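So the chains spell out like this:
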Amino acid sequence: MSAKFRKICVLTSGGDAPGMNAAVRAVTRAANARGVQVMGSLGGYRGMIHDEFVELTNRAVSNKIQLSGTFIYSDRCLEFKEEAGMQKAIANLKKHEIDGVVAIGGDGTFRGATDLSQRGIPTIGIPGTIDNDITASDNTIGFDTAMQTVVDNVDRLHDTCESHARCNVVEVMGRGAGDITLNTAIATGAVAAVIPECDFDEEACINKIIRLRREGKRSFLIIVSEAFPEVGPALTKKITEVTRELSEKENNDKLWVESKFCRMAHIVRGGSPTLSDRLLATKMGVRAVDELFAGNSDIIVVEREGKITTCGILWSQILDRMYKGTLKEGMTDSLSADEIKEMEKFIEEKKAGFKTTYAMFNELAN
Ligand code: ADP
């Protein structure tokens, strides 16, 4: 262990995610066990700028592992993106003799972590977001709980759909990533999923519902990613109208599939973390402390094929941008040709995996 660490700071930032508390607890207990004091910055980077810290003793993190949200709060602190705000934060860290930071959050949070690292404050990131949109990590803290929450709630909608022979179109969170949508569509027995990663054919979807209704199927569920806020309400209306017209034309009221729209919104972000998220948060929290004390900085802890490992924040950001097709010129200049090839292969495999899963889902959604 590097002798220089006396006190570190942990924060949760960006959108909250179930399991963030378990990660804060793990960071606190691991650091305390190594004789290092821990402060929590209240409301993400905001606490650093406004000098709002709480000491996190082992007792302060008691009874938190099962709680959702984040008990040290989260905030979207725009001031931290400005140099003046960041300097205020660094001055406060120095005032409290804080020598290192663990930042739990998403992509934006990691940008802040890089800024701190580059200004001499060793900082390690932990991916805490329900969206699972950190390409470098197979799983992020909160993702599993969010999916379970969707499944629990959609199962309830399923019950009433079956009773009334209806359709429910459900919009779920996940920002630009379709991970929550596709996985929960599979797990709830939905007939369609609308995700950013794959094409969706509205006409084919409605024709399928009509065909299945003719076969006697009663309940229809469609899961839509929040990346398409207009799609859910419009699709709901269209299914209702098209099937009503058909039922009138054929004089068969059984063909009318009345449809309802449900936007699950922030319900997806709440709830007690699942066992998987508590474990992931615990392992990542301990690893972050180990990495910090080993003298590392400007990296994030990730999970790859079931193992906890790390990667550079820049590497992770380039990978994200490659995946989303938003790379800017010059961003890969610091990488070797081999590194770029390795990243391209990784992305190709991830995209292919998504397409295979989507095809499997569609085959069974009948
Ligand atoms: P997430 O971490 O979930 O992606 P945000 O994008 O809202 O959420 O980022 C969380 C916080 O991280 C922001 O409110 C801000 O304090 C900090 N942050 C975001 N982007 C940057 C940046 N480019 N430089 C420094 N700090 C940033």
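Rules and cut-offs
- Residues numbered from 1 in each chain as written.
- Predicted model: local features only at pLDDT ≥ 70, side-chain atom pairs only at ≥ 80, totals over all residues.
- Heavy atoms only, no water.
- Helix = DSSP H or I, 4+ residues; strand = E, 2+ residues; numbered from the N terminus.
- Buried < 20%, exposed > 50% of the residue type's maximum accessible area, 1.4 Å probe, protein only.
- Contact = heavy atoms within 4.5 Å.
- Areas by Shrake-Rupley, 256 points an atom, 1.4 Å probe, with all protein chains shown as cover.
- Lys, Arg positive; Asp, Glu negative; His and termini not counted.
- Charge placed at Lys NZ, Arg CZ, Asp CG, Glu CD.
- Salt bridge = Lys/Arg side-chain N within 4 Å of Asp/Glu carboxyl O.
- Near = heavy atom within 4 Å.
- Polar contact = N/O pair within 3.5 Å; in protein donor to acceptor, adjacent residues only side chain to side chain.
- Domains from an automatic or database assignment.
- Buried area = accessible area lost by both parts, 1.4 Å probe.
- Nonpolar A, V, L, I, M, F, W, Y, C, P; charged D, E, K, R; others polar.
- Core = buried A, V, L, I, M, F, W, Y, C linked by side-chain atoms within 4.5 Å.
- Pairing = 2+ DSSP bridges.
- Axes fitted to C-alpha atoms, helices over the stretch in contact; angles between N-to-C directions.

J.: Give me the lowdown on the overall build of the chain, citing residues and values where you can.
T.: Looking only at helices and strands, the chain has 11 helices and 11 strands in total. Across its three principal directions, the C-alpha atoms of the chain cover 80 × 50 × 35 Å. Taking all 366 residues of the chain together, 51% fall into the buried category. For the chain, contacts bridging at least 24 residues in sequence account for 73% of all contacts bridging at least 6. Accessible area for the chain stands at about 16400 Å²; split by element, carbon and sulfur atoms hold 49% of it. Seen as two clouds, the 46 positive and the 52 negative side-chain charges of the chain have centres 4 Å apart.

J.: Quick rundown of the pattern of salt bridges? Include the residues and the values.
T.: Under the defined criterion, the tally for this structure stands at 20 salt bridges. E258 is the salt-bridge partner of K260, the closest N and O atoms lying 3.2 Å from each other. You can call K260 partly exposed: its relative accessible area is 35%. By relative accessible area, E258 is classed as partly exposed at 22%. Connected through shared salt-bridge partners, R6, E97 and D99 make up one network.

J.: I'd like a description of the site of the ligand, backed by residues and values.
T.: Inspection of the region around the ligand gives 17 residues, with R76, C77, G108, T109 and D115 positioned closest. Within the backbone of G108, an N or O atom sits 2.9 Å from an oxygen atom of the ligand. Burial of the ligand by the protein chains amounts to 87% of its free accessible area of 550 Å². Top contributing element to the shell around the ligand by residue count: helix α4 (residues 107-118), with six residues.

J.: Which residues make up the domain arrangement of the chain, and what are the values?
T.: Segmentation of the chain into domains returns domain 1 (7-142 + 273-313) and domain 2 (145-268 + 354-364). Between domain 1 and domain 2, the contact holds nine residues from the first and 10 residues from the second. Roughly 740 Å² of surface becomes buried between domain 1 and domain 2 when both sides are summed, with 54% attributable to carbon and sulfur atoms. Looking at the side of domain 1 facing domain 2, the largest losses of area belong to I130, D131 and T274, adding up to 59% of the total buried there. Counting every contact that joins domain 1 to domain 2 gives zero salt bridges. On the surface where domain 1 and domain 2 come into contact, there are five residue pairs in polar contact (both at pLDDT 80 or more). Per-class residue counts for the side of domain 1 that touches domain 2 are three nonpolar, three polar and three charged.

J.: For the nonpolar core, give the residues involved together with the corresponding values.
T.: Judged by nonpolar contacts, the single largest core of 93 residues is most densely connected at I8, V10, Y45, M48, L93 and L116. Here this core spans two domains, and each of domain 1 (7-142 + 273-313) and domain 2 (145-268 + 354-364) adds at least three residues to it. Ignoring anything within four residues of it in the chain, the contact list for L93 reads C9, M48, F53, I98, V101, L116 and I121. Membership of the second largest hydrophobic core comes to 18 residues, among which are A192, C205, V224 and L246.

J.: Talk me through the sheet that holds strand β6 (residues 167-172); I want residue IDs and the actual numbers.
T.: Within the open sheet, the four strands sit side by side as β7-β8-β6-β9. Their pairing is parallel. At either end of the open sheet lies a strand with only one pairing partner, and these are β7 (192-194) and β9 (259-263). Recorded for the sheet is a direction-independent mean angle of 15 degrees between the axes of neighbouring strands. Here β6 runs beside β9; their pairing, made up of five bridges, is parallel. By the bridge assignment, E171 is partnered in β9 with R263.

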